[in-house]
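Examination of the molecular architecture
Chain residues, written in single-letter form:
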Amino acid sequence: MRPVRHTATLVHYDGAQVFEGRDSAGGRYVGVMVDGSGGPDRYLVTGVAPEQFHRFRSGDLDLRSMLLEAGRDAWYFADVSDDFQEPLRLVRQDGSLEGREFLPDEGFVLSDGPIGGSTVGEAGEHHDVVVELGAEPPPAAAEARPIRG
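Some remarks on the overall build of the chain
Looking only at helices and strands, one finds four helices and six strands in the chain. Each helix and strand of the chain, ordered N terminal to C terminal, gives the series β-β-β-β-α-α-β-β-α-α. Across the 149 residues of the chain, 36% fall into the buried class. By sequence separation, contacts in the chain at least 24 residues apart represent 50% of the contacts at least 6 residues apart. A total of about 9,000 Å² of accessible surface is found on the chain, and carbon and sulfur atoms cover 46% of it.

Some words on the packing of helix 1 (residues 50-57) against helix 2 (residues 63-70)
Remark: helix 1 packs on helix 2, axes separated minimally by 10 Å, with the N-to-C direction vectors making an angle of 170 degrees. Here helix 2 runs roughly antiparallel to helix 1, going by the angle between their axes. Contacts from Gln52, Phe53 and Phe56 of helix 1 reach helix 2 at Leu63, Met66, Glu69 and Ala70.

Looking at the nonpolar core
Core analysis: the largest hydrophobic core is formed by 21 residues, its most contacted members being Val18, Val30, Leu44, Leu63, Met66 and Leu97. Listing elements by their share of this core, those giving two or more residues are strand 1 (4-12), strand 3 (28-35), strand 4 (41-48), helix 1, helix 2 and strand 5 (75-80). The leading source of residues in this core is helix 2, at five residues. Leucine 44 has contacts with Val30, Gly31, Val32, Val34, Leu67, Trp75, Tyr76, Phe77, Leu97, Phe102 and Leu103, leaving out every residue within four places of it along the chain. Counting residues in each nonpolar core, the second largest holds 14 residues, with Val4, Phe19, Val80 and Phe84 among its members.

What about the environment of arginine 72?
Turning to its location among the elements, arginine 72 is positioned in the loop between helix 2 and strand 5. As for arginine 72 and glycine 95, which are separated by 23 residues in sequence, their C-alpha atoms are 8.6 Å apart.

Criteria and cut-off values
- Residues numbered from 1 in each chain as written.
- Predicted model: local features only at pLDDT ≥ 70, side-chain atom pairs only at ≥ 80, totals over all residues.
- Heavy atoms only, no water.
- Helix = DSSP H or I, 4+ residues; strand = E, 2+ residues; numbered from the N terminus.
- Buried < 20%, exposed > 50% of the residue type's maximum accessible area, 1.4 Å probe, protein only.
- Contact = heavy atoms within 4.5 Å.
- Areas by Shrake-Rupley, 256 points an atom, 1.4 Å probe, with all protein chains shown as cover.
- Axes fitted to C-alpha atoms, helices over the stretch in contact; angles between N-to-C directions.
- Parallel < 35°, antiparallel > 145°, perpendicular 65-115°, else oblique.
- Core = buried A, V, L, I, M, F, W, Y, C linked by side-chain atoms within 4.5 Å.

Nothing here speaks to function; it is geometry throughout.
Take a look at the structure:
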């Protein structure tokens, strides 16, 4: 398996709650904190197709549904104690994700991207406009790289 690195925090509340990661071939992963009580933070991680991720980012797909769909073939746990400085060490899990107590509730969606930081804060203070642009590879590029465990 290719190393996966944290690329963006999508939801932050006293630490990364939901994050995006990428492997060296461009495969996309989403991680969700499932245990942050003492020791390293534990994340549920699944590889996600670009279409799924886009639907999640635009608010058309909730987090739970995306994880269940993406985790049909493979899902992982990753313990993070270094604030994402090192590549994630993914440990493949067996069985379905359906019915697991650590899954997020239904209905959790994103409608905004991971904009943040001092630039956005300063723009708001000065009543300036912030524009975020993004680009996605064509679906054919992602289909050429199946995610394997």
